[in-house]
Amino acid sequence: MLPMSRFIATIGGHKPPISLALLASVGVLICFSACDFLIPEPQDEYVNGRLRVTYWEKWTGVEGQAIRNVVDRFNASQDRIFVDLITTSQIDRKTLVAIAGGEPPDIVGLWNQAIPPYAEKGALMPLRPFMEKAGMSESDFIDVFIVMNKYKGELYGLPTTPATCSLHWNKKLFREAGLDPERPPRTLAELDEMAQKLTKYDANGNIVQLGFSPAEPNWWPYAWSAWFGGRLWDGHNITFDTPENLATLQWIKSYADRYGVDRLRRFRSGASGQFASPQNPFFTGKIAMILQGVWMANFISQYAPDLEWGAAPFPTAVPGLDYVTVAQCDSISIPVGSRHPDEAFEFIQFLYQQKEIEQLNIDQWKFSPLKNVSPDFVARHPNPNIKLFMDLGSSPNAYCLPDLLIFYEYSDEITPAIDKIMNGLDTPEHLVKHVQNQVSKKWARVQQVVEKREAAQQETRP
Amino acid sequence: MTPRERRNLRNGLIFIAPWIIGFLIFVAYPLVASFFYSLCDYSVLRPPVYIGGLNYQEMAQDPVFWKSLGNTVYFTVLFLPLSTLVAIALALLLNTGVRGMAIYRTIFFLPSLTPLVALGILWMWMLNGEYGVINHVLNTLLKPLGVQAPAWLQSITWSKPAIVLMSLWGVGHAMVIYLAALQDIPVQLYEAAELDGARAWSKIRHITLPLLSPAIFFNVTMGIITAMQVFALPYVISSGEGGPARSTMFYSMYLYHTAFRYLRMGYACAMAWFLFIVIITLTLIFHRISRRHLHYGQ
């Protein structure tokens, strides 16, 4: 075998081996220690003579194609700007790192929950100045979807594809249970009663068909109290220990009591099929009533096209309180550090032409965030119940997440609390106090740190 | 130092420089920085604010922190002895001279090559409370007793044992190390014991296990370190939430939530340092205890 030194000498030509090693090491050294100086100043990029504007968006599949069509139409209409759409998974985390690293995209598609924490950290640009220049107004949009994109009164995102949720029910199962398939429950008490009629057991007492359960699928565990007139936050304090929230947890517990902790657990273990699959328990008729979003129609058409279903406002516990829903949306924002914010907003302005935003939302089976709707929008929409979801979005009782910095921590206290109730491990009376306590502590910590931050900033300012 | 020695030192340093520089930039600096950040409130986007020991103080009073630590210790205490037993038992079986041994060895090693995510999804179906193959068998066996098998991943009591069960599929690596160690044991020791009339169990107890002790020590030490950091399996099976009721919220998962869901890098750094100290303490204790029981071949 060729000895190593000879081998190096061979590839290094006639020079002695050491000089090659030296050269290589010094090269690596320079690369590592001087990499800061070696990175060139960021430069504008051009595609066929047009300025390249980057747009990160999370959607894939049908939803991804819907936005790609908009981008393509924008690019076709332009001779100065080229929007480069980049599909990005885990977009919130990657955007965070990109902003911190000083190389963010020019446009980013987050969702409304991300707006308060990002805005608080100074990661997003306020959009009002851009809108004023472009002649756009907040009042063009459905109120609740603007509210959820604000933090401390300032607007940091615009709603692209809004969503609301409602009661979905299986008409065939209603008929089998002797109920009127066209008449959904109108009060929460009626829902509980119908749920009992819709529940079937096998010879061993196992549940084979469940009328309703707050734990199925429980996508908005933090929001149940909205149907009881409750709130999580009053703008200053955590308000979990209230009669409304207690009533909510007691209602959830009534399901564990009525159907049995073990039986529900076994049912759940068998029925917890993947959401986007033909095994979804609502599609297979294992669950008769669920709380689900505007997107459900799309999945029904894909996985259970023969399902007879209806949608109605989810009934409330409080007389006079109606059209309660959880409203949420995907948002479009301009990150701080974007090198072409004006060009970025030109695309955003294009997107909010009535024709474009309606097409995007029809393609995604959602509804337009604009108050003004084309006369044929409902007729063109693939969801037969789209009008209901639009009405829910405009309802004064549409519930949106509080612009609370520790919202995730709050919701991560509520989810296990509901788990504990459904497993018969704790009482609603104790849990309202427990959650109130835990989240209040976290809130106090945040305020303490904010004070320290402000103090530190004042010190640095002469 | 002679000029030659000095030149050799210089050349040596130059050759190893890429590694040293890489280590300094990618390991040493982040390590030191993470300790500094553990004393700060830091969310990546804003400069860190020094808050002293506040993160550590909060940790002491954070019920989720203790819950996740408890879950992790529970997992480690159940998983380590079981995995050691299973790996040694498998290695012993695979060390007998049966025909076609290479095939058996491959078969028992194969599960270790399965990606954790695939493993998690597969086991979620096998452990399904109503249709899962495991409960199908269990329920048939338990029927005369009038007991029903647990709902595994939906049950607060059984979710952690279920994860231990899944993790046992990954003992292949330890098994291979034990197998190699077994083959290093000189045959004449067994022959001598047989002449003295030793039975199978005596041979295992007095020859195999003592001579296997260095391998056991290595595997258990590595086991402590990996078990305390268990992450991927529970993350996959609970969709990252650690449910039901935080029964599968392990330490590394809570750390990840703190860093990337709550954007509290400072608290996450403090948690990482605490875990580091716990792991190093456990390893040292284990090292102390086992020193007397280690037997090397010589």
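Residues numbered from 1 in each chain as written. Chains lettered and ligands numbered in written order. Predicted model: local features only at pLDDT ≥ 70, side-chain atom pairs only at ≥ 80, totals over all residues. Heavy atoms only, no water.

## Let's talk about the overall build of chain B
So the rule is basically this: Segments assigned H or I by DSSP are reported as helices when at least four residues long, segments assigned E as strands when at least two residues long, and all are numbered from the N terminus. Only protein chains enter the calculation, and the probe is 1.4 Å; a residue is then buried if its accessible area is under 20% of its type maximum, exposed if over 50%, and partly exposed in between. Whether two residues are in contact is decided by their heavy atoms, any of which lying within 4.5 Å being enough.
Per the secondary structure count, chain B includes 13 helices and 2 strands. With the C-alpha coordinates of chain B rotated into their principal frame, the extents come out at 75 × 70 × 35 Å. Of all 298 residues assigned to chain B, the portion counted as buried reaches 44%. For chain B, the proportion of contacts with a sequence separation of at least 24, taken over those separated by at least 6, is 65%.

## Section: the overall build of chain A
Under the convention used in this document: Note that accessible areas follow from Shrake-Rupley with a 1.4 Å probe, and for residues the cover is restricted to the protein chains shown.
Across its full length, chain A carries 19 helices and 15 strands. Looking at the 462 residues of chain A, the share that counts as buried comes to 54%. Element-wise, carbon and sulfur atoms account for 54% of the exposed surface of chain A, whose accessible area totals about 20500 Å².

## Some details on the pairing of strand β3 (residues 81–87) of chain A
In summary, the side chains of a regular strand alternate between the two faces of the sheet. Residues and elements named next belong to chain A. Our working definition: At least two DSSP bridges between two strands are needed for those strands to be called paired. Here a crossover is taken to be right-handed if, once the strands point away from the viewer, the path from the first strand over the helix to the second is traced clockwise.
The sheet contact formed by strand β2 (residues 50–57) and β3 spans 7 bridges and is parallel. Bridging from a neighbouring strand, V53 pairs with V83 of β3. Following the backbone out of β2, through helix α4 (residues 61–76) and into the adjacent parallel β3, one traces a crossover that is right-handed.

## Observations regarding the packing of helix α9 (residues 187–195) of chain B against helix α10 (residues 200–227) of chain B
Residues and elements named next belong to chain B. Heads up, the condition is: To obtain an axis, a line is fitted to C-alpha atoms, over the contacting stretch when the element is a helix, and the angle between two such axes runs from 0 to 180 degrees between their N-to-C directions. Note on angle classes: values under 35 degrees are labelled roughly parallel, values over 145 roughly antiparallel, values of 65 to 115 roughly perpendicular, and the remainder oblique. Each crossing gets its handedness from the near helix: less than a right angle anticlockwise from the far helix is left-handed, clockwise is right-handed. When residues are grouped by polarity, Ala, Val, Leu, Ile, Met, Phe, Trp, Tyr, Cys and Pro land in nonpolar, Asp, Glu, Lys and Arg in charged, and all others, Gly among them, in polar.
One can describe the packing of α9 onto α10 by two numbers: an axis separation of 11 Å at closest approach and a directional angle of 160°. Compared by their axis directions, α9 and α10 come out roughly antiparallel. Once α9 is placed against α10, the crossing between them reads as right-handed. In contact with L189, Y190, A193 and E194 of α9, α10 contributes K203, I207, T208 and L211. Here the contact of α9 with α10 is built from residues that sort into 5 nonpolar, 1 polar and 2 charged.

## Details of the interface of chain B and chain A
The cut-off we apply is this: Two parts placed together each lose some accessible area; with a 1.4 Å probe, that loss summed over both constitutes the buried area. A pairing counts as a salt bridge when a side-chain nitrogen of Lys or Arg comes within 4 Å of a carboxyl oxygen of Asp or Glu. Two N or O atoms form a polar contact when they lie within 3.5 Å of each other; inside protein one atom must be a possible hydrogen donor and the other a possible acceptor, and for residues adjacent in sequence the pair counts only when both atoms belong to side chains.
Counting from both sides, the interface comprises 43 residues of chain B and, opposite them, 43 residues of chain A. Surface buried jointly by chain B and chain A totals about 4100 Å² across both partners, of which 60% is contributed by carbon and sulfur atoms. Taken together, the connections running from chain B to chain A amount to 3 salt bridges. Residue D412(A) pairs with R261(B) through a salt bridge whose shortest N-O separation is 2.9 Å. Viewed at the interface, chain A and chain B are joined by 7 residue pairs in polar contact (both at pLDDT 80 or more). At the level of elements, α1 (3–37), β2 (49–50), α2 (54–61), α3 (63–94) and α12 (251–261) of chain B are the ones that each hand at least two residues to the side of chain B that touches chain A.

## Some points on the packing of aromatic side chains
We apply this condition: Ring pairs are drawn from Phe, Tyr and Trp, using the six-membered ring of Trp, whenever the two centres fall within 6.5 Å, and their geometry is named by plane angle: stacked under 30 degrees, edge-to-face over 60, tilted for the rest. Only Lys NZ and Arg CZ are tested; either one counts as a charge over a ring when it is within 6 Å of the ring centre and within 35 degrees of the ring normal.
As enumerated under the stated definition, the model contains 45 aromatic pairs over all chains in all. Here the basic side chain of R258(A) rests over the ring of Y255(A), its NZ or CZ set 5.1 Å away from the ring centre.

## Overview of the state of the cysteines
The criterion, for reference: A pair of sulfur atoms, both from cysteines and within 2.5 Å, is called a disulfide here.
Under the definition given, this model contains 0 disulfides over all chains. For C329(A), which is in no disulfide, the shortest distance to another cysteine sulfur is to C400(A) and amounts to 9.0 Å. Cysteine C269(B) remains unbridged, with the sulfur of C40(B) as its closest cysteine sulfur at 9.0 Å.

## A short note on the pattern of salt bridges
Residues and elements named next belong to chain A. According to the stated counting rule, one finds 32 salt bridges over all chains in the structure shown. The partner of R128 in a salt bridge is E154, with the nearest N and O atoms 3.5 Å apart. On the criterion of sequence distance, the pair formed by R128 in helix α7 (residues 128–134) and E154 in strand β6 (residues 154–155) is long-range, its members being 26 residues apart. When its relative accessible area of 27% is taken as the criterion, R128 is described as partly exposed. You can call E154 partly exposed: its relative accessible area is 25%. Taken together, the salt bridges that share partners define one network made up of E57, K58, E63, D330 and K366.

## Some details on helix α12 (residues 261–271) of chain A
Of the residues making up α12(A), those classed as buried are L264(A), R266(A), F267(A), S269(A), G270(A) and A271(A). Taken together, the buried residues of α12(A) touch β10 (207–209), α11 (243–259) and α18 (407–422) of chain A.

## Regarding the pairing of β2(A)
Residue and element names in this part refer to chain A. Across the 8 residues of β2, 7 count as buried, placing the element largely inside the fold. Here 2 bridges tie strand β1 (residues 46–47) to β2, and the two strands are oriented antiparallel to one another. In the strand pairing of β2, Y46 is matched with L51. Bridging between β2 and strand β4 (residues 107–111) involves 2 bridges; their strand directions are parallel. Opposite Y55, over in β4, you have I107 as the bridge partner.

## Quick look at the sheet that holds strand β12 (residues 309–312) of chain A
All names here are of chain A. Judged by pairing direction, the sheet is antiparallel, and its 3 strands sit side by side in the order β11-β8-β12 without closing on themselves. The sheet is open, and its two edges are formed by β11 (289–293) and β12, each paired on a single side. Sheet twist, expressed as the mean angle between neighbouring strand axes with direction ignored, is 35°. Here strand β8 (residues 165–170) runs beside β12; their pairing, made up of 4 bridges, is antiparallel. By the bridge assignment, H168 is partnered in β12 with A311. The sheet strands contacting helix α17 (residues 386–394) are β8, β11 and β12, and the helix crosses β8 at an angle near 150°.

## With respect to the nonpolar core
Generally speaking, soluble globular proteins have nonpolar side chains that are buried together. For clarity, the cut-off: To qualify as a nonpolar core, a set must consist of buried Ala, Val, Leu, Ile, Met, Phe, Trp, Tyr and Cys residues joined through side-chain atoms within 4.5 Å. These domain limits were set by an automatic method or by a database of domain assignments.
Among the nonpolar cores identified, the biggest contains 90 residues, and W227(A) and M289(A) are the most heavily contacted of them. In terms of residue count, α18(A) provides more of this core than any other element does, 7 residues in total. Looking at this core, you find at least three residues from each of domain 1 (46–162 + 328–395) and domain 2 (165–326 + 402–446) of chain A. Excluding anything up to four places from it in sequence, W227(A) contacts C165(A), L291(A), F314(A), P315(A), T316(A), A317(A), V318(A), L321(A), V324(A), T325(A) and V326(A). Of all hydrophobic cores here, the second largest spans 59 residues; its members include L94(B), W123(B), L179(B) and Y267(B).

## A few points about unusual backbone geometry
Residues and elements named next belong to chain A. For the peptide bond that leads from E216 to P217, omega is -15°, which places it in the cis range. Tracing the chain through its elements places P217 in the loop between β10 and α11. Despite not being glycine, N48 has its phi angle at roughly 50°, a positive value.

## Section: the side chain of T76(B)
All names here are of chain B. Assignment of secondary structure puts T76 in helix α3. Given a relative accessible area of 8%, T76 falls into the buried group. Apart from residues lying up to four places away in sequence, T76 is in contact with P81, A227 and M228.

## Some thoughts on helix α5 (residues 91–100) of chain A
All names here are of chain A. Residues of α5 that are buried: I91, D92, T95, L96, A98 and I99. Residues of α5 that are buried in the fold lie against β2, β4 and α6 (115–120). Two residues or fewer after α5 comes G102, characterised by a positive phi angle close to 80°.

## Let's talk about the environment of I237(B)
Residues and elements named next belong to chain B. For I237, the location among the structural elements is in helix α11 (residues 232–237). What makes I237 buried here is its relative accessible area of 12%. For the pair I237 and L122, spaced 115 residues apart in the sequence, the C-alpha separation amounts to 9.9 Å. Discounting residues that sit within four places of it in the chain, I237 has contacts with G120, M124, L153, I163 and M166.

## Points about the environment of L211(B)
Secondary-structure assignment places L211(B) in helix α10. Once the C-alpha coordinates of L211(B) and V98(B) are considered, the two residues, 113 residues apart in sequence, prove to be 23 Å apart.

Purely geometric stuff here, so don't read any function into it on its own.
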